[in-house]
Every structure is written in C-alpha cells, then in structure tokens.
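Single-letter residue listing:
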Amino acid sequence: MKVLKFGGTSVGSVENINNVKNIIHNGEKKIVVLSAMSGTTNHLVAIANDIKDNKASEAVEKINVLQETYIAVVDQLLSDESINAQVKDYVSEVFQLLVASAKKTYSLQLENQILAQGELLSTYMVNCFLKQEGISSALLPALDFMKIDADKDPDMAHIKSHLKDSLDQAGDADIYITQGFICLDDQGAISNLQRGGSDYTATIIGAAVLAEEVQIWTDIDGMHNNDPRYVENTKPISNLSFEEAAELAYFGAKILHPQTVTPVRADNIPVRLKNTMNPLAFGTLINNDHSEIGVKAIAAKDNIIAIKIKSARMLQAYGFLKKVFEIFEVYQTPIDMITTSEVAVSLTIDDDKNLDKILNELEKIATIEVDRDQSIVCLVGHSIVNNQETYKLFQVLQDVKIRMISYGGSSNNISLLINSKDKIKTLSKLNDYLFELVTL
Ligand code: ASP
Ligand code: MG
C-alpha cells in the first residue's frame, strides 16, 4: 500500500482538490493524509492567541470570517444537495465548537483542540467530495490511532495496532482518508506533531503499515538545490539519501517537516516529493540508493543564536564540556553547531525560550558572549567532505565573514555560521559556483 500526503495548497481550492482527486483515483488502494486548507492553521493560531489575550470578540470575528470561506468552498465543491447539506451540518458543528471555545479560558489543551479543527474539516470535506464523485473512500479518524509518548515521539506500538483496528472498522474502500498533524498525547489529550507535521504523519503511517512508498504532494517540483525565495534559477534535486534529506529538512528547506524521514529510514521505505500542480514532474526521490559524490543542495536556517563560552578551566581539563552540555539538557534546548578550541567552545541554538536561564548557569563557570541574528548555511551532498574540490568553497566565500565552520561531523554536511545579513550573498555565491558552474 502507498501513503500519499497532500499539503495545504493541494486542498486549498476547488481546482486543486480536483487535481488531488485525479491523482489518487487510479484503482490502487492507498491511505491519503491531508493537511488543513492553506491559511487555516495560521487563522486558528490567531484565534487561539486572541483567546489567550482575553479578546473573545476578536476571536469570534475571526471565526466568522473563516466559517464564510468554508461555506463558499462547500458550495463550489459539492453540487449534490444532500452531501452539501451533510457537510454544511458538519462545518456548522465545528464552528459552534470554535465559538464556544472563544468564551472559555485559555489553556494549551483548548488551543490544541482549536488547531485540530483544520485537518478535521479538510478530511471530512474531501471524503464527502470523493463519495459524490462515485469514488470508494472512507475516513480513518487520526485520533483513534495517532499517539505520541511523553518524549513527543510517535508511540509506534500503539499506532500500529490501533491503525489496523481503524482500517478493519472502516471496511473495504479504495481510498482511506486521514488527518495529518493531529494526534493524542501520552495522557490521551488532543495534541499535534508541530507546525508542518502532516508530512510526519504520513511517514509514521508509512512505517506502521510498511508502505511500499510514501508520497508527499506539495506545490513545488520536489526539494530544490537552493532556497527559491532568495536565489534565482534553483532546480529540483532528483535523488537524495535519507541522511541528506534529514539534514536539508532540519537546516532550513521549508518543504519538509524536519522529522519526516525518521520513521521510514530504518525500513528503507522510499519517500517521493511530488507537485500536485505538475504531477508529471519527477520531483525528488529519497531512498538509500547511493548517489554521486558532490554537493547537491544548499539551505539556510535563520534566527540562530551563537554562544561563545570561554574559560581557563577548559585548559587541559576534562569534564568541562559535560557541565556545559548538562545545562542545555536541563533546559531542553538542542544544540545545532559546535566548535571548540583549547580555551573556548562556541555553539549555536535556535530556541531562545530558556536562553536567560541557560546564560545564568553558564556565567557561573565561564565568560559568555552572545551573538544574535546569525544564520546557518548548510551544504549537503554525498561524501562532500572527501571531495577534493571542496576547498574551493572557501575561496568562493572570501569576502563573507564566517563565524563558525562545522566540517567533518558527517561526510554529508558542511555548515557555516554567518551573520544573517550576509545570507543572500552567501547563498548566491555558492549557487553560482556549485550549480551554475561559474569558475573562480
Ligand atoms: N496544518 C498544519 C500546519 O499548517 C500541518 C501541516 O500542514 O502540515 O502546520
Ligand atoms: Mg508542509
């Protein structure tokens, strides 16, 4: 069985929902994971923020605006009168729940329930639309099987057994539709897999059913070799290994949720990135097949904070780094890059929630310098560290001030920390040299 995930744009208009129908209606049995319609989750976040700020009437206004857009989509999509009425009943139930939520006191639990409505709406609508079109489909409620544990990792044993039950209960159908993003937490309360989490849902399901392939359908022809928002003439990459895809997703390629390939990597289940608006394009295939040596892609991650920790206590001593890392562990803050010298260690984080507390602790053992507005530029490819041409990269970047370099951590990645204001220049220079073959 294949698992196909469609993102917000793919279900964001009647025209695109029709494209989705044409893609999935090919006689093969499949599980289809849907995001909320584009814009909906942002809108729901804004509603939850209003509730948090005790602005109930603003929240209700936003709820009404959203409800109108849904009614318009239902009317365009569903010409069958009874199906149209059935979906409108569902839509009105959802919006009554939202209005009731606006009058409650904010809690994370309430916010998570509000955020879940986007995927519940899109899946209900698309399932009914497929029925109207005479296609055999059934809904698999994600909350019946998708669960995370106390560490927020998927509870695979629970997911496998409950997904099997859900498939049995849904009965025979060609297409099983389920919600991306949403899940239950270890306490059984509604939660989610973080923003962009529908990709992760698809690969978790792919691993649970040992799918033949997981396809992520978006609005771009696969993963690009550079960031199309900042560099012209970027091109789709046809093949990536799981490791390369994981590095790119983590270091800024917005197309994939950073955890996407984790669940399917061990079983070598291929992940294919495809474009709903251009289904004939090859896209990107992620699997374990070995590929040519060289840099395949460049990505950048912004809002990085660099921390330099300097202490004479490091000199010829052991145990100092352990103390440093323990502080980050206590405050649950992941470290992205790290470089050391005999008397100092520089590292980067992108989560500043507990920065003040971390700095307080670090100051007890060292002198600290903090630089904000940094970006990590990450070069990803197969065996690039062993590539004899790699040294030229530094010639290309002669006039960019590089604050840190991470080279050799894995043979597939070279990361540079630069000031964010130099990011576009760095991405373009690397692009010219690596992909446009401009010589030095
Ligand atoms: N709807 C959620 C979001 O916008 C999940 C997703 O689209 O992947 O983040
Ligand atoms: Mg996404």
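Higher on the page you've got the structure.
Quantities reported herein were computed from a predicted structural model and do not represent experimental measurements.

**Q** Before we go on, may I ask you to explain the overall build of the protein chain in this structure?
**A** The number of helices and strands found in the protein chain is 13 helices and 16 strands. Relative to a compact globule of 440 residues, whose C-alpha radius of gyration would be 22 Å, the protein chain shows 24 Å and is just as compact. Here the C-alpha coordinates of the protein chain stretch approximately 75 × 50 × 40 Å along the principal axes. Per-residue burial for the protein chain yields a buried fraction of 53% across its 440 residues. At a minimum sequence separation of 6, the contacts of the protein chain that also span at least 24 residues come to 74%. With the model as given, the accessible surface of the protein chain reaches about 20,200 Å², and the carbon-plus-sulfur share is 48%. Each charge class in the protein chain can be summarised by its mean position, and for the 41 positive and 58 negative side chains these summaries are 5 Å apart.

**Q** Explain the environment of D185 to me, please; I cannot follow it from the model alone.
**A** Positionally, D185 belongs in the loop between β5 (182-184) and β6 (190-192). Given a relative accessible area of 18%, D185 falls into the buried group. Taking the C-alpha atoms as reference, D185 lies 27 Å from E247; in sequence the two are 62 residues apart. If sequence neighbours within four positions are ignored, D185 has contacts with K147, I148 and S191.

**Q** Would you mind going over helix α13 (residues 423-434) with me for this structure?
**A** Every α-helix carries 3.6 residues per turn, so stepping three or four residues along brings you back to the same face. Over its 12 residues, α13 runs 16 Å from end to end, which matches the ideal 16 Å to within 8%, given 1.5 Å per residue. Restricting attention to buried positions, one finds in α13 the residues K423, T426, L427, L430, N431, Y433 and L434. Check the buried side of α13 and you find it contacts β11 (294-310), β14 (367-382), α12 (392-396) and β16 (413-419).

**Q** What is the right way to look at the site of ligand 1 in this model?
**A** Taken together, S35, A36, T41, E119, F181, R195, G196, G197 and S198 form the complete shell of residues around ligand 1. Within the side chain of T41, a nitrogen or oxygen atom sits 2.8 Å from a nitrogen atom of ligand 1. Interatomic distance of 2.7 Å between a side-chain N/O atom of R195 and an oxygen atom of ligand 1. Contact with the protein chains covers 86% of the free accessible surface of ligand 1, which is 260 Å². Here the residues of the shell around ligand 1 are counted per class, giving two nonpolar, five polar and two charged.

**Q** How should unusual backbone geometry be read in this particular structure?
**A** For residues besides glycine, phi is generally negative; the peptide bonds are generally trans as well. Even without glycine at this site, Q194 takes up a positive phi of about 75°. Its place among the elements puts Q194 in the loop between β6 and α7 (198-208). Taking relative accessible area as the criterion, Q194 reaches 47% and is therefore assigned partly exposed. Within the chain, N268 stands out as a residue other than glycine whose phi angle is a positive 50°. Mapped onto the fold, N268 is located in the loop between α9 (262-265) and β9 (271-275).

**Q** I keep staring at the nonpolar core and nothing clicks. Help me out?
**A** Grouped together as the largest cluster of nonpolar side chains are 101 residues, with contacts concentrated most on F6, V87, F95 and I286. Sorting elements by how many residues they give to this core places helix α5 (residues 108-132) first, with 12 residues. Listed in part, the 20 residues of the second largest apolar core include V295, V377, L379 and I414.

**Q** Which parts of the structure should I look at to understand the packing of helix α2 (residues 40-52) against helix α3 (residues 56-77)?
**A** How two helices sit against one another is set out by the angle between their axes and by the gap between those axes. Two elements in contact, α2 and α3, have axes whose closest approach is 8 Å; the angle formed by their N-to-C orientations is 160°. Judged on the interaxial angle alone, α3 and α2 are roughly antiparallel. In terms of crossing hand, the pair formed by α2 and α3 is left-handed. For the pair formed by α2 and α3, the contact residues are T40, H43, L44, A46, I47, D50 and I51 on the first element and E58, A59, K62, I63, V65, L66 and Y70 on the second.

**Q** Is there a simple way to think about the packing of aromatic side chains in this case?
**A** We describe a pair of aromatic rings using the distance from one ring centre to the other and the angle between the two ring planes. Applying the stated criterion across every chain, the model contains four aromatic pairs. On the basis of an interplanar angle of 5° and a centroid distance of 3.9 Å, the ring pair of Y90 and Y124 is categorised as stacked. Placement of the pair is Y90 in helix α4 (residues 81-102) and Y124 in helix α5, with a sequence separation of 34 residues. Considered together, Y90 and Y124 belong to a single accessibility category, that of buried residues. Directly above the ring of Y250 sits K301, whose terminal nitrogen or CZ lies 3.6 Å from the centroid.

**Q** Would you mind going over a nonpolar patch on the surface with me for this structure?
**A** Nonpolar side chains collect at one region of the surface, where F394, I405 and Y407 lie side by side and expose about 260 Å² of accessible area between them. Here Y407 lies in strand β15 (residues 402-410).

**Q** I keep staring at the environment of I205 and nothing clicks. Help me out?
**A** Along the chain, I205 turns up in helix α7. Filtering out sequence-adjacent residues up to four positions away, I205 remains in contact with V3, I31, V33, F145, M146, L163 and T178.

**Q** Would you explain the sheet that holds β9 in this entry?
**A** Sheets are built from strands that pair by backbone hydrogen bonding, the pairs being arranged parallel or antiparallel. Pairing in this open sheet of eight strands is mixed, and the strands run β3-β4-β2-β1-β7-β9-β10-β8 from one edge to the other. The strands lining the two open edges of the sheet, one partner per strand, are β3 (137-140) and β8 (239-240). Here β8 pairs with strand β10 (residues 284-286) via two bridges, running parallel. The residue bridging N239 from the neighbouring strand is L285, located in β10. Sitting on the sheet, helix α1 (residues 14-24) touches β1 (2-6), β2 (30-34), β4 (175-179) and β7 (213-218), and the angle it makes with β1 is about 170°.

Procedures and definitions
- Residues numbered from 1 in each chain as written.
- Chains lettered and ligands numbered in written order.
- Predicted model: local features only at pLDDT ≥ 70, side-chain atom pairs only at ≥ 80, totals over all residues.
- Heavy atoms only, no water.
- Helix = DSSP H or I, 4+ residues; strand = E, 2+ residues; numbered from the N terminus.
- Rg over C-alpha atoms; globule rule 2.2 N^0.38 Å.
- Buried < 20%, exposed > 50% of the residue type's maximum accessible area, 1.4 Å probe, protein only.
- Contact = heavy atoms within 4.5 Å.
- Areas by Shrake-Rupley, 256 points an atom, 1.4 Å probe, with all protein chains shown as cover.
- Lys, Arg positive; Asp, Glu negative; His and termini not counted.
- Charge placed at Lys NZ, Arg CZ, Asp CG, Glu CD.
- Expected span 1.5 Å × (residues − 1).
- Near = heavy atom within 4 Å.
- Polar contact = N/O pair within 3.5 Å; in protein donor to acceptor, adjacent residues only side chain to side chain.
- Nonpolar A, V, L, I, M, F, W, Y, C, P; charged D, E, K, R; others polar.
- Core = buried A, V, L, I, M, F, W, Y, C linked by side-chain atoms within 4.5 Å.
- Axes fitted to C-alpha atoms, helices over the stretch in contact; angles between N-to-C directions.
- Parallel < 35°, antiparallel > 145°, perpendicular 65-115°, else oblique.
- Left-handed = near helix turned anticlockwise from the far one by under 90°.
- Phe/Tyr/Trp six-rings, centres within 6.5 Å; stacked < 30°, edge-to-face > 60°.
- Lys NZ or Arg CZ within 6 Å of the ring centre and 35° of its normal.
- Patch = residues over 30% accessible without salt bridge, like charges linked within 9 Å, V, L, I, M, F, W, Y side chains within 5 Å.
- Salt bridge = Lys/Arg side-chain N within 4 Å of Asp/Glu carboxyl O.
- Pairing = 2+ DSSP bridges.

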